[in-house]
Amino acid sequence: RMKHSPDLMSFMMELKMVLEVALKNKQEIHALPPPPQFYSSLIEEIGILGWDNLVYADSCFSTIKLKAEDASGREHLITLKLKAKYPVESPDCFVDFPVSFSVSWTPQDFSMDCGICYAYQLDGAIPDQVCDYSQCGQPFHQICLYEWLRGLQTSRQSFNILFGECPYCSKPITLKMSGRKP
């Protein structure tokens, strides 16, 4: 390429442009995949919406299409394009509704680590308890929350349910225990 360039400066500018494009493409190809919690959370969210409403999901779960039925029985298609920072960043939403449609989004801090021991897995268990307060939603391992609530003098127990305060937001939290203690 240098032989075809009129001067060294032109060659260097072209080389710089080629390298920038190559580097950008390499970064897009080698972008880190989302953590496993991203996929398990997304699968759970689709389950809440109903698997029968899922029309399409690409292999990376970056584009999801859902069907929705209006009051008149007409089916509509909702397309969600999840951004790299989902659920902190809102997805792009496209709908085929005959009326205007706006999306409101509450950014969520995507942390699935236990709010007490700060680990994702504890003896093979993942956090399966969540703060009852919707603005908090901090996850906890059952055993960690059990020990936390037992350590609070203000906690109380009624049959197999422990009542106390969330270690994060101090709002009421409940822990329903199975037949055995955690």
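Residues numbered from 1 in each chain as written. Predicted model: local features only at pLDDT ≥ 70, side-chain atom pairs only at ≥ 80, totals over all residues. Heavy atoms only, no water.

In the annotation of an unreviewed UniProt entry, the protein chain is listed under the name E3 ubiquitin-protein ligase FANCL and assigned to Myotis brandtii.

Colleague: Please explain the overall build of the protein chain as it appears in this structure.
Modeller: For the protein chain, the count of helices and strands is three helices and nine strands. Out of the 182 residues in the protein chain, the part that is buried amounts to 23%. Here the analysis covers contacts within the protein chain between residues at least 6 apart in sequence; of these, 28% occur between residues at least 24 apart. Within the structure as shown, the protein chain displays about 13,200 Å² of accessible surface, and the carbon and sulfur contribution to it stands at 56%. (Helix = DSSP H or I, 4+ residues; strand = E, 2+ residues; numbered from the N terminus. Buried < 20%, exposed > 50% of the residue type's maximum accessible area, 1.4 Å probe, protein only. Contact = heavy atoms within 4.5 Å. Areas by Shrake-Rupley, 256 points an atom, 1.4 Å probe, with all protein chains shown as cover.)

Colleague: Even after reading the chapter, I still don't get the nonpolar core, so can you show me in this structure?
Modeller: Nonpolar side chains tend toward joint burial in soluble globular proteins. Judged by nonpolar contacts, C114, C131, F140, C144, L145, Y146, L149, L162, C166, I173, L175 and M177 together constitute the single largest core of twelve residues. Looking at this core, the elements with two or more residues in it are α3 (142–151) and β9 (172–176). In terms of residue count, α3 provides more of this core than any other element does, four residues in total. Excluding its chain neighbours within four sequence positions, the residues that come into contact with C166 are C131, C136, F140, W148, K171 and I173. If you look at the next biggest cluster of nonpolar residues, it comprises ten residues, including F38, L66, L80 and L82. (Core = buried A, V, L, I, M, F, W, Y, C linked by side-chain atoms within 4.5 Å.)

Colleague: Explain the sheet that holds strand β3 (residues 75–81) to me, please; I cannot follow it from the model alone.
Modeller: The strands that make up a sheet are held in pairs by hydrogen bonds between backbone atoms, and each pair lies either parallel or antiparallel. Strands sit in the order β1-β2-β3-β4 across an open sheet of four strands; the sheet is antiparallel. In this open sheet, the two edge strands, each paired with only one partner strand, are β1 (54–57) and β4 (92–95). Neighbour to neighbour, the strand axes of the sheet diverge by 20° on average, direction disregarded. Sheet topology note: the β1/strand β2 (residues 63–69) ladder contains three bridges and is antiparallel. Looking at β2, one finds that Y56 is bridged to K65. (Pairing = 2+ DSSP bridges. Axes fitted to C-alpha atoms, helices over the stretch in contact; angles between N-to-C directions.)

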